[in-house]
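# Summary of structural features
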Amino acid sequence: MSISADVRPLTRPADRSRFSRPSRGTGLSPLSRLDLAQLGPNWYAAVMGTAIVANGAAALPVRLPGLIGFGEVMWALGAAALLVLAAARLVHLTRHREAARAQLLDTPATAVFYGCPPMALLAVGLGTLLLGSRVIGTGPAVVLDAVLWGVGTLYALAVAGGIPFLMITRHPVSALEGNPTWLLPVVAPLVASACGPALVPHLPAGLPRQTLLYGCWALFGVGLLATLVLLPVVFTGLFHSKVPALALTPALFLVLGPLGQSVTAIHQLADAAGPVLPALAPVMLPLAELYGVAVIGVAMLWLAVALTANLRARRAGMPFAMTWWAFTFPVGTCVTGASALARHTGFGGFTGLAVGLYLLLGTAWLLAAGGTAAGLLRGRLLAR
């Protein structure tokens, strides 16, 4: 399976003459020379990574001065990035239809990134409710989150079923070439299951709340079971083919996504069950705590593996690529998962873990955002 379309490094020897002086002799700035035919769904990872910084600030079990204000700024930045990217993708889908068709139907390496757009919608929607409500008001925030959650959930289900269908029937893939990007389509329902419970208190009591909560549990099952099916395939590919390109090394962090997100989701579901499903609520919270402690332990072990591998790759000359955004959202899900454990168990160790992970997330966001901005301004990303 080719991966070059998604992990093309910021610079390549063959491309230096092409990008060395992008605006000289044309009078055009690099941004005016963007080639939207190259714009793939992987760019939504930048929105996901920004939104999870905001949501993590709201979830942290500590309240530091300025933390919520910082979260509001990051939410606004993520929402603005979503609007800009959605407009750019609309241009891509209408003016570059052949490129868009090839990304989905003919290039497995880009098709798996169709898991990113629904997660971007869901993350920004949750941030709107948690943080944006202080800016735009609770009523508009609830409506906007409901729309984004509804669209994002339908999108997530379509991707979770559609991409595996293409991999089975059309894409030339082999289990021996599996890599962590294959998890992206099936993690999206887990994100939906974690974001949906926040809407439960804003629905009329009775059937509407029960329907949403049961639906979120079903989404949790879809994402979790699909992840359990794909993880052995991913590790088979890693063990057999190793990391197939240096610039793909950050994708190792994607394994954290379903781990941290499932911990977050099961705690959110347990919280929402109290007033809605009182018969099940006494069972859900202990289950969430036991599951969360076990899975967050696995996540921390894999975090150590991924960090070590990326530090090694960096010393070997790993260049910037959009795969660096894999440093952000997966770590962010561990922030929200650890924060939920701290809130429910009262154990200070989880509070310290959540804060430490959030600092790591902030550092990762600065690296990814700085590299992306520099690449766009210097004409090294999406350049004609």
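Structural notes, computed from the coordinates. None of the values given here were measured: they were computed from a predicted structure.

## A few points about the overall build of the protein chain
Summing up its helical and strand segments, the protein chain has 14 helices and zero strands in all. Tracing the protein chain from N to C terminus, the helices and strands come up as α-α-α-α-α-α-α-α-α-α-α-α-α-α. Rg of the C-alpha trace for the protein chain: 20 Å, near the compact-globule value of 21 Å for 384 residues, within the 12% margin. Each principal axis of the C-alpha atoms in the protein chain carries an extent, and together these give about 70 × 45 × 40 Å. A burial count over the protein chain gives 53% of its 384 residues as buried. In the protein chain, the proportion of contacts linking residues at least 24 apart, taken out of those at least 6 apart, comes to 83%. Taking the average place of the 23 positive charges on the side chains of the protein chain and the average place of its 10 negative ones, the gap between the two points comes to 11 Å.

## Quick word on unusual backbone geometry
Residues other than glycine predominantly adopt negative phi, and peptide bonds predominantly adopt the trans conformation. With a phi angle near 60°, Lys242 is a residue other than glycine that sits in the positive phi range. Among the secondary structure elements, Lys242 is positioned in the loop between helix 10 (207-241) and helix 11 (256-276). Lys242 sits in the exposed class, given a relative accessible area of 54%.

## A word on the nonpolar core
Counting 121 residues, the largest nonpolar core has Trp43, Met119, Trp149, Ile163, Leu256, Trp325 and Tyr358 as the members making the most contacts within it. Those residues within four positions of Trp43 in sequence are excluded, and the remaining contacts are Leu85, Met322, Thr372, Leu376, Leu381 and Leu382.

## A closer look at the state of the cysteines
Summed over the entire model, instances satisfying the criterion amount to zero disulfides. A disulfide-free cysteine, Cys195 has its sulfur positioned 9.0 Å from the sulfur of Cys216, the nearest such atom. Cys334 carries a free sulfur, and the closest cysteine sulfur to it, the one in Cys195, is 15 Å from it.

## Here's the deal with a nonpolar patch on the surface
Side chains of Val135, Ile136 and Leu144 sit close together on the surface and give an oily, nonpolar patch of about 240 Å² of accessible area. Structurally, Val135 can be placed in helix 7 (residues 116-136).

## A word on the packing of aromatic side chains
Counted according to the given criterion, the structure contains eight aromatic pairs. Seen from their ring centres, Phe253 and Phe327 are 5.2 Å apart, and the 85° between their planes marks the pair as edge-to-face. Note that Phe253 is positioned in the loop between helix 10 and helix 11 and Phe327 in the loop between helix 12 (281-315) and helix 13 (329-345), a separation of 74 residues in sequence. Here Phe253 matches Phe327 in class, with each residue buried. When the ring of Phe347 is compared with that of Phe350, the centres are 5.3 Å apart and the planes differ by 80°; the resulting orientation is edge-to-face.

## Concerning helix 9 (residues 184-195)
If you check helix 9, its first and last C-alpha atoms are 17 Å apart, about what twelve residues at 1.5 Å a residue would give, namely 16 Å. Here helix 9 lies mainly inside the structure; twelve of its twelve residues are buried. For helix 9, the complete set of buried residues consists of Leu184, Pro185, Val186, Val187, Ala188, Pro189, Leu190, Val191, Ala192, Ser193, Ala194 and Cys195.

## With respect to the environment of Leu285
Within the secondary structure, Leu285 sits in helix 12. Each C-alpha atom of the pair Leu285 and Leu269 lies 8.9 Å from the other, and the pair is 16 residues apart in sequence. Setting aside chain neighbours within four positions, we find Leu285 in contact with Ala270 and His344.

## Some remarks on the pattern of salt bridges
Applying the stated rule across the entire model yields four salt bridges. A salt bridge links Arg101 to Asp106, with the nearest nitrogen and oxygen atoms 3.4 Å apart. Using a relative accessible area of 39% as the deciding quantity, one classes Arg101 as partly exposed. Relative accessible area serves as the criterion here: at 39%, Asp106 is assigned to the partly exposed category. The shortest N-O distance in the salt bridge between Arg170 and Asp106 comes to 3.0 Å. A residue pair is termed long-range when its members are at least 10 positions apart, and Arg170 in the loop between helix 8 (138-169) and helix 9 and Asp106 in helix 5 (residues 97-106) qualify at 64 residues. Look at the salt bridges and you will find they share partners, linking Arg101, Asp106 and Arg170 into a network.

Criteria and cut-off values
Throughout, residues of each chain are indexed from 1 in the direction in which the sequence is written. For this predicted model, a pLDDT threshold of at least 70 governs which residues receive local features, and a threshold of 80 or more governs which side-chain atom pairs are given and counted, while totals over whole chains, interfaces and linings are taken from all residues. Side-chain numbers come from the whole structure's heavy atoms, not from hydrogens or water. In this text, helices come from DSSP runs of H or I with a minimum length of four residues, and strands from runs of E with a minimum of two, each type numbered from the N-terminal end. Put simply, the radius of gyration uses C-alpha atoms, and a globule should come to 2.2 Å times the residue count raised to 0.38. Relative accessibility thresholds used throughout: buried, under 20% of the residue-type maximum; exposed, over 50%; partly exposed, between the two (1.4 Å probe, protein chains only). Residues count as neighbours in contact if any of their non-hydrogen atoms are within 4.5 Å of one another. Asp and Glu are treated as the negative residues and Lys and Arg as the positive ones, with His and the ends of the chain left uncounted. One atom stands in for each charge, and that atom is NZ of Lys, CZ of Arg, CG of Asp or CD of Glu. Side-chain atoms within 4.5 Å link the members of a nonpolar core, which is a set of buried Ala, Val, Leu, Ile, Met, Phe, Trp, Tyr and Cys residues. Working definition: a disulfide is two cysteine sulfur atoms within 2.5 Å of each other. Patch construction takes residues with relative accessible area above 30% that form no salt bridge. Like charges are linked within 9 Å, and nonpolar side chains (Val, Leu, Ile, Met, Phe, Trp, Tyr) are linked within 5 Å. Accessible surface area values rest on a Shrake-Rupley calculation with a 1.4 Å probe, where residue burial reflects the displayed protein chains alone. A carboxyl oxygen of Asp or Glu within 4 Å of a side-chain nitrogen of Lys or Arg is what we treat as a salt bridge. In summary, the pairing rule links any two rings of Phe, Tyr or Trp, Trp by its six-membered ring, whose centres are within 6.5 Å, and it sorts them by plane angle into stacked for under 30 degrees, edge-to-face for over 60 and tilted for everything else. Given the number of residues in a helix, its expected span is that number minus one, multiplied by 1.5 Å.

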